[in-house]
Amino acid sequence: MKETTRTAPSTGIVYMRAILENHTLSTGLELKKGQYLCVSGASRVMDPTLFPNPEEYDFGFPRGSLPQTASLHEFNFMLPNTEFLNEDYGWALPEKAPVEQYHNGNFNSCPAALYKIADLSGAEFQELHRVADKGSMSEDNPLRAVYDYHLELGKQKVYHATLFIVAIDLDWKKNGVLIVTLDDDDLECNVDSFRIKAEESGLSYVNLKIGNSSWEEEKENYEIEPNGGDNGNDDDQGENNDPDNSPSRYDDPGIAESGPTPPSGPPAYGIYVGVYAKTGIDVDAVIQKLEVCPDKKQTEDFYCRLQAVIPGTSQDIVEAAYDLHASRCTRNQWLDKHFFFVMDTPDTSDNGVLLASVGSVIKVTRHPRGVQRIECSGRIVFQQIYCSLRDCDRDWIALDPSFGHFSYNGGGSSESMHLLDPNWGHHRGWGHIIDEPYRGWNVWSDRPPNSDKTSSLKEAVRKFPYFCYLERFRTKFSRTTFICEDSGDADSKGVLLVKVSWDGLAKGGVEVMASINLSDNVEVRRLPIRDAYDILQGVVEEKSNGEHQNQVV
């Protein structure tokens, strides 16, 4: 698609900028204030200095992305000796940046802006773009002007607002590039920068934007001197430089002391997730459950990577995993430093797996150190829990109680949901009201196929034990009481509060839960919608609800 757009653009795009002050280019061409500088995108994509044999359709299109290396503002700025860079040359950055509004912003899907100050040719800058593998902006300005420009660019929320990369040296292969942050780890808007190898700048940017590393960690591990040397840190962490030392399979723990051989690069999401397993567990089978769409990707692209097989009890395995994880992250720089999985039971269908937090801050969210048991499902684990935690869209554990909600006869509108819970739809990954799940009801052989919606109170009671099984890992989910909304006018008619007398043990698998009959152990009360909600909160928190007056139906 990219090559097709290049060879047959749909429009003749022309980029235009106004000249704000008189200036003479290095070629001698004089630009007058008030004139316009135009660059034709169509002519650029047919430039043989950027695209060898531009008339030919390149099916491989190895460039990675359409080039956007056109210098929209070209200034005659000759670099001084790098030992004498100072404010006289426009290289000083301010100590603080006005970026408080981005503290809670989500830029995980945004590329880094890549600028150039060095007088690189289009082909040279395109090569840098490929090596860095990030960014799509280019400006030819002193560093302070780049800073000012980026503050305005950040408002568009197209590129990362507080991180960018600058080509400051003609010999960038030896002397690296500059990575700049406009906000420090403490979110005090302190500006900082360091030189980094061009080939490592893209990965460093990914680690920073998803919170897998702090700014100080990246600076300590990757900063280099202008002559191509490093900052004294000889640790080539995570790199697999031996061509004969192939990366370990996703289910291979490697040597017990050092762990598996890390992959040669990061996955599409940017990081791998460590897995620690109890001796005797079929790790391959469990990782196949944990992985998202394992049948649609190569095994070398799996996010979940086994780090160690550990004997002992569940507590022993968790403690050993905590002890090992720091060293495993040191060897594999793309391994998530904040979270990992622990397989402590062979019965993952019933008991799930453990998700462990090392106790750290991601962006502005602090996740406590601890473990929680979660369902062993790629969709549940990655999409609903893990990714939400990494993106800081979910709390580590549910802070408020939650309960089941069935609806029929026109009930279940968004208006009634908001009457039940005014914050419905805005909770951080742990909704109070868990609506009837649209999955799994086919475990009853006497139900017509594809009939997922509840049609009566009797059917809701029948489904409730299985509902509890689906939500068995929610620690504050009510397993004795739920709500039935049996009309389209809950505001005036109220709802049914249903209490079921049973032990609430959601174990044994779907077939066992589907066979439980609770129809003789039910108490039903009709209540105003907010009273039902308040009572349910008290039930989950083990508070008395005796003060509420109601009518038994």
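Just above sits the structure.
My aim in this report is to walk through the structure given alongside it, one point at a time.

Rules used throughout
The written sequence of each chain sets the order in which its residues are numbered from 1. Totals for whole chains, interfaces and linings use all residues, but because this is a predicted model, local features are given only for residues with pLDDT of at least 70 and pairs of side-chain atoms are given and counted only at 80 or more. Neither water nor hydrogens contribute to the side-chain values; these are computed over all heavy atoms in the structure. A run of H or I in DSSP counts as a helix once it spans at least four residues, and a run of E counts as a strand once it spans at least two, with each numbered from the N terminus. Relative accessibility thresholds used throughout: buried, under 20% of the residue-type maximum; exposed, over 50%; partly exposed, between the two (1.4 Å probe, protein chains only). Areas reported as accessible are Shrake-Rupley estimates using a 1.4 Å probe. Residue values count occlusion only from the protein chains shown. Any two residues whose heavy atoms approach within 4.5 Å are treated as being in contact. Each nonpolar core is a collection of buried residues, namely Ala, Val, Leu, Ile, Met, Phe, Trp, Tyr and Cys, held together in the definition by side-chain atoms within 4.5 Å. Patch criteria: residues need more than 30% relative accessible area and no salt bridge. Like-charged residues are merged within 9 Å; nonpolar side chains of Val, Leu, Ile, Met, Phe, Trp and Tyr are merged within 5 Å. Any carboxyl oxygen of Asp or Glu within 4 Å of a side-chain nitrogen of Lys or Arg constitutes a salt bridge here. In this tally, Asp and Glu contribute negative charge and Lys and Arg positive charge; neither His nor the terminal groups of the chain are included. Charge positions come from single atoms, namely NZ of Lys, CZ of Arg, CG of Asp or CD of Glu. At least two bridges found by DSSP between two strands is the condition for calling them paired. For helices, the fitted line uses only the C-alpha atoms of the stretch in contact; every axis is such a line through C-alpha atoms, and the angle between N-to-C directions lies from 0 to 180 degrees.

1. Regarding the overall build of the protein chain
Phase 1: The number of helices and strands found in the protein chain is 16 helices and 21 strands.
Phase 2: The buried share of the protein chain, reckoned over its 553 residues, is 48%.
Phase 3: Here the protein chain has roughly 26700 Å² of accessible surface; of this, 49% comes from carbon and sulfur atoms.

2. Digging into the environment of Cys387
Phase 1: Looking at the secondary structure, you find Cys387 in helix α11 (residues 378-390).
Phase 2: Look at Cys387 and you get buried, because its relative accessible area is 18%.
Phase 3: On a C-alpha basis, the gap between Cys387 and Tyr269 in space is 9.6 Å, while along the polypeptide they are 118 residues apart.
Phase 4: The contacts of Cys387, once residues within four sequence positions are left out, are Tyr269, Val381 and Phe382.

3. Focus: the nonpolar core
Phase 1: Ile287, Leu290, Phe341, Met343, Val353, Leu355 and Phe382 are the most contacted members of the largest nonpolar core, which totals 57 residues.
Phase 2: A per-element tally of this core places α11 first, with seven residues.
Phase 3: Each residue touching Leu355, except ones within four places of it in the same chain, is listed here: Phe339, Phe340, Phe341, Gly370, Val371, Gln372, Ile374, Ile385, Leu389 and Trp396.
Phase 4: Judged by nonpolar contacts, the second largest core, of 22 residues, contains Phe464, Phe482, Val500 and Leu518.

4. Observations concerning a negative patch on the surface
Phase 1: On the surface, Asp185, Asp186, Glu188, Glu216, Glu217 and Glu220 cluster together into a negatively charged patch.
Phase 2: Within the element layout of this structure, Glu217 appears in helix α7 (residues 215-222).

5. Focus: the sheet that holds strand β9 (residues 272-278)
Phase 1: The mixed open sheet is built from five strands, whose spatial order is β10-β9-β11-β12-β15. A single partner strand is all that each edge strand has here, and the edge strands are β10 (304-310) and β15 (370-374). Each strand axis lies, on average, 30 degrees off the axis of its neighbour in the sheet, ignoring direction.
Phase 2: Of the strands in this sheet, β9, β10, β11 (335-343) and β12 (353-357) are in contact with helix α8 (residues 283-290), which crosses β11 at around 120 degrees.
Phase 3: Sheet strands in contact with α11 are β9, β10, β11, β12 and β15, and its direction is about 145 degrees off that of β11.

6. Concerning the environment of Phe339
Phase 1: Inspection of the secondary structure assignment puts Phe339 in strand β11.
Phase 2: Relative accessible area serves as the criterion here: at 1%, Phe339 is assigned to the buried category.
Phase 3: Along the primary structure Phe339 and Gly274 are separated by 65 residues, whereas in three dimensions their C-alpha atoms are 7.7 Å apart.
Phase 4: Not counting residues up to four positions away in its chain, the partners in contact with Phe339 are Val273, His325, Leu355, Ala356, Ser357, Ile362, His367, Tyr386, Leu389, Arg390 and Trp396.

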